[in-house]
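Geometric and topological summary
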Amino acid sequence: IDPMLKKRDDFEDILEERRNSSDLKYALRCYTPVLYKGVTPCTSSMLKSMVLQSDQLHYVINQVSKETGKATDDIKEEASAILEEMAQCLQLSTVRFFAFTLSKAFKTLFRSICVNEDGIQRLQQAIQEHPVVLLPSHRSYMDFLLMSYILYTYDVALPVIAAGMDFMGMKFVGEMLRMSGAFFIRRSFGGDKLYWALFSEYVKTMLKNGFAPVEFFLEGTRSRTSKSLTPKLGLLNIVMDPFLKGEVFDVNVVPVSISYERVLEETLYARELLGIPKPKESTSGLFKARKILSEDYGSIHVYFGQPVSVRSLAQGKVNRCQFNLVPRHIPRRPSEDIASFVNDSAYRLVRAQEENMVLKPWVLVASLLLQYHHQNQAAGQKRGIALGELTAQAVWLRDLSRQYGAFLHWPDHIPPSEVVSSSLTLHRGLVRICEDKVQLAVEQGPHSSVAPEEELLSQAVILLSCASYRNQALHVFVRPALLALAIHTASSNQKQEVFNSFSFLRNMFSNEFILCPGATVQDFEEACYLLVKTGALQFTQQEVLVTERGHRTLAFLSTMLDPFLQGYQVVCRFLCEEATETLTEKQFIPAVRKFIKKLLLAGRLRYMEVLSSDLQKNSLAALLRLGAVRKMKG
Amino acid sequence: MDRLFECVNCKLNLCQYLFFHRQEILKWNGWGYSDTRFLFNKKGQAEFTGKRYRLSGMIIPALQNWFEGTFGASVQHKSPAMPILTSSAVQPPTLNEAFVDELKSTGIPCSHDAEDRVFRGHGHCLHEVFALREGKVGRVPDIVVWPNCHNDVVKIVELACKHNVCLIPYGGGTSVSSALECPPEETRCIVSLDTSQMNRILWIDEKNLTAHVEAGIVGQELERLLNESGYCTGHEPDSMEFSSLGGWVATRASGMKKNIYGNIEDLVVHVKMVTPQGVIEKGCQCPRMSTGPDIHHFIMGSEGTLGVVTEVTMKIRPMPEYQKYGSVVFPNFEQGVACLREVAKQRCAPASIRLMDNEQFKFGHALKPQVSSIFTSFLDGLKKFYITKFKGFDPDRLCVATLLFEGDREKVLQHEKQVYDIAAKFGGLAAGEDNGQRGYMLTFVIAYLRDLGMDYYVIGESFETSVPWDRVLDICRNVKARIIQECKDKGVQFSPLSTCRVTQTYDAGACVYFYFAFNYRGLSDPVHVYEQVEHAAREEILANGGSLSHHHGVGKLRKEWMRETISDVGMGMLKSVKNYVDPKNIFGNRNLI
């Protein structure tokens, strides 16, 4: 399908009404959402007892009792306590409180919160027909409050949300969140059968009874890089299970793409990636964040995607008869076909999120500025790029990204130069403009008195922040960029050679970008299609030829991947040169970071981005997967 | 005894009529007796014609509304059937002259008259009846033969082997699995072996409570004759007015009152079957044996692929002293299923217990005949008020279970109390004998209703499965929803009727019946759409842990799922039996495997 033909809905700003009418009235207004047609009316406490009385739980309690010798009554008590710690207790009054306070906060923080109303209507319909799972992208703490806020605004059933236990560290806030529908999961509970049984049964019970839409983050955690993260499968497995076992006719999964023009946690993330430790979530910490309130964070776009029927996803991929021979309440490892089905679906859903992420002009500007920065640095120049030239480049990139199907919000009625300068203004913390020249705000000036390492880190914060904006556009460019890089690195222009090289790169980077497993050929074809369509490539019988005008595109694309390439290279180098003895997982990041800092300070590496622990972890995971590195127990 | 379908003409031996021209009293292109049908009269009111059934001759005032409302159909839009069969539509027979000559010399009656052949070339699947209504006839048997006894069958099978013709046994013709369809690829002469003349009870053994019966006897006739001696078999499949003993054995039939009397496999003591290799039967009439795999289980369910069942020794029981109907209304289907499960757990199921879902409950209501006295209608109104207003049952969710108790009067009453007490635990309210009786009547007239639907652009069918208890609710919900979704996807304009009922309970599960029908106006190939939906529904059944069939059999309609149902080795076993018993595929209806 031609990505140009992707139809997307229009947006509506929900803050507009908030600015014109009473927040109190809004918070107290009549709220009557449409519910699932098969809903069994029940309260939060009834849910808990349903879980505790389920066959699944009985089975696991008996199993645990046999294994540990503990009395079943004791285990039951333990289970009840775990459930107490886990369960949500959604209360409309708390939601109303949030509706009021968030209205105030959102109005100061954001210019607009734009929502596609058609998507909301599709969601309403979906909720009525089948149990619904909401899968928002995760870039900020704001995400789930924002989701509930929007759903409240549109009179849609409020979700219950799987949240990490770390929130519970904040006593008061934790309880508030619990009352607004959050339920809490421990981050790791590897072998704990009882915990797993309670948790999965709890989620399934809410889903099957149509108690509320279940919301969780497929990426597992907030992406610190703005790149989508490799999906986590645990919860997806759980919510698909009732369909696969025939306990519900279907489950509707709704990917939601939340795009922030400026992420609240922008520099916080960069610091975290650089190893400046993450502040523990604490209530007082949150209030300290009040200074955030004085800043302009632009607008938010929330796109509710097309509901995906799990039934149609599973059509022809899963043989549901496999559950016929064992009672369904006995926990079993998912079979191979189910595991790969869930994995494929997870990738498809993350891609569906990516597709509807709104890209602001700044994303393109940041990509360009980063490339300029590195080129100039290599050439020893320290001047920025002229605003006019930057604008021209941005317009070129705007057209290119549109041809690649990007969901770009570029206001066409405003002159491009104004578009560019207004995005520069919003992100003034990251750029510096002097004498009409634009550059990244990394230069500390000659009289800088700080230590070189500290200076390096503060520059890296800016670069990583910028990179996180560029990363927002990566999903648009990654396939053609891999092809561009493949052409660049292949030993000849032979089609087969280029494909082999593409396939190698794609395989290597499959921990880094969202590349659906087993879709190498499709990805290659998509990349070829886009580059041929835009006139950058030509194909003969045997060869791949770069056209005259294609050089610019291909150079841009492959440069986009350069930092990643260098990151993987430097990790390999580290492992070859430094890691002579076996390394524990914990030691790896600090050691590689130290190694990289040394190289950077010596001017032997071009990209500061390679300092990102995300990049380092991904490359280690890739090397592990490719068998270049081995994991040993003990 | 209160018989539901009470055939008024029963004094006449039905089987005499069924001799050469069954079609004289039975429809050639629809269900049942020619004189019995539903129609909308000039006033638009539904009427049930004839005199054979309790409902016969009555006006059914609510049916039109229900019909039009449920299907979006209109009594103004008719889709009438071709009134008569044109002989030119029937291909001339391919006769094996040598076989026919030798057959004639035996004196066994036979015919290659077009009507006789067409009548025996189909069962009652939707596509079969739909084609007949349009006057379309595919491959049909080339000759029909009427053996009079076991020895006649032996002769016919010998001749068939000698001359290599294809034999297709024909009993009551009520198959709903395409089992009677002639394989279009069959090039040999196809002989339909009609067992209807083998309809005698050969002996009754009152010491052992068994009866030895020829396999061509039809269910209601068997019961009538046994009743004359004070006995019954108690085997009452819904098709028992027309289906035959041999057919029951060949398809592993199940009867409504199996809770007391058992299914066919529990009732059969001895079977005689004529195969190309000779006659297969056990050497004694013992109640149970440990002599390797039971050879009866090669015969039961063989669907005419191995031979012809000619004689059966069946268990009989003294006729029950007392019978009582009953019904229970539940607030919803879930509660109803829970109650049936509990009844099964306590092993106290009455002769029959069936649970209809809400749609079927409404359907049953639409079939209420015009009430004669103001008093009954007043009572009805009061009952409705009590259930919906006072008890707070939602009329769009409530469902009803129908019950039939049988036995000593005292025990029946005791049993009844036990069942109603269990029902009360699940919110069930006793709703009277009338409702129960009407529910069972529905069973016999529902097949006639399909013909009415087909007169007005509505087609439909029922199909069944069996399923473990823990999956009953899931399978009911999912299959009904699948039907609705598939209809929508296939362009059916108006949402279909998609309904189910639990008709039998077992220790480990239940039998579930689905009914589905839709208005096909605007569809260019309604039968194809119907078949796609039914196919999808069967896939859904299997995916939800249901069986390929509880009692209808496999025939040719469900063959494609046999391998996954019984495994490769299982298929191999069945095939090797077929290869030994019938290496030349004389019994070539190609059912089952």
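Residues numbered from 1 in each chain as written. Chains lettered and ligands numbered in written order. Predicted model: local features only at pLDDT ≥ 70, side-chain atom pairs only at ≥ 80, totals over all residues. Heavy atoms only, no water.

**Observations concerning the side chain of A:T534**
In this fold, A:T534 is placed in the loop between α22 (520–533) and β13 (537–539). Setting aside residues up to four positions removed in sequence, A:T534 forms contacts with A:Q403, A:Y404 and A:R549. (Helix = DSSP H or I, 4+ residues; strand = E, 2+ residues; numbered from the N terminus. Contact = heavy atoms within 4.5 Å.)

**Observations regarding a negative patch on the surface**
Residues and elements named next belong to chain A. On the surface, D10, E12, E16, E17, E117 and D118 cluster together into a patch of negative charge. Where the negative patch is concerned, the elements lending two or more residues are α1 (15–20) and α7 (117–129). With respect to the element layout, E117 can be found in helix α7. Residue classification places E117 among the partly exposed positions, given a relative accessible area of 31%. (Patch = residues over 30% accessible without salt bridge, like charges linked within 9 Å, V, L, I, M, F, W, Y side chains within 5 Å. Areas by Shrake-Rupley, 256 points an atom, 1.4 Å probe, with all protein chains shown as cover. Salt bridge = Lys/Arg side-chain N within 4 Å of Asp/Glu carboxyl O. Lys, Arg positive; Asp, Glu negative; His and termini not counted. Charge placed at Lys NZ, Arg CZ, Asp CG, Glu CD. Buried < 20%, exposed > 50% of the residue type's maximum accessible area, 1.4 Å probe, protein only.)

**Quick look at the UniProt feature "active site" (unreviewed entry) in chain B**
Residues and elements named next belong to chain B. As recorded in UniProt, the feature "active site" (unreviewed entry) lies at Y513. Within the secondary structure, Y513 sits in strand β21 (residues 509–519). Setting aside residues no more than four positions away along its own chain, Y513 makes contact with S462, F463, E464, T499, C500, R501, T503, H551 and H552. (UniProt positions renumbered as here; feature names shortened; annotations may be inferred.)

**Some details on the pairing of strand β20 (residues 497–505) of chain B**
All names here are of chain B. With nine of nine residues buried, β20 is to be regarded as a mostly interior element. Where strand β16 (residues 352–356) meets β20, two bridges bridge the pair, whose relative direction is antiparallel. Its bridge partner lying in β20, M356 is registered against R501. Where β20 meets β21, eight bridges bridge the pair, whose relative direction is antiparallel. (Pairing = 2+ DSSP bridges.)

**A few points about the pairing of strand β15 (residues 322–330) of chain B**
The two faces of a sheet get side chains in turn, since along a regular strand they alternate between them. All names here are of chain B. Within β15, eight of the nine residues are buried, which leaves it mostly tucked inside the rest of the structure. Inspection of the sheet shows β15 paired to strand β17 (residues 399–407) by nine bridges, in the antiparallel sense. Residue pairing for β17: V329 is matched across the bridge by V400. Pairing geometry for β15 and strand β18 (residues 429–430), over two bridges, is antiparallel.

**Description of unusual backbone geometry**
Not every positive phi belongs to a glycine, and A:E435 is a case in point at roughly 50 degrees. Since its relative accessible area comes to 75%, A:E435 is described here as exposed. Not every positive phi belongs to a glycine, and B:R252 is a case in point at roughly 60 degrees. Its place among the elements puts B:R252 in the loop between α8 (245–251) and α9 (258–261). A relative accessible area of 31% means that B:R252 is categorised as partly exposed.

**Quick notes on the pattern of salt bridges**
All names here are of chain A. Counted by the stated rule, this structure contains 72 salt bridges over all chains. Measuring nitrogen to oxygen at the nearest pair gives 3.2 Å for the salt bridge that ties R222 to E265. One end of the pair, R222, is in the loop between β6 (214–215) and α11 (234–244); the other, E265, is in the loop between β7 (252–260) and α12 (266–273), with 43 residues separating them in the sequence. The same class applies to R222 and to E265, which are both buried. One salt bridge in this structure joins K631 and E585, with 3.8 Å as the shortest N-O distance. Here E585 lies in helix α24 (residues 585–601) and K631 lies in the segment after α25 (613–625), a separation of 46 residues in the sequence. For E585, a relative accessible area of 60% corresponds to the exposed category.

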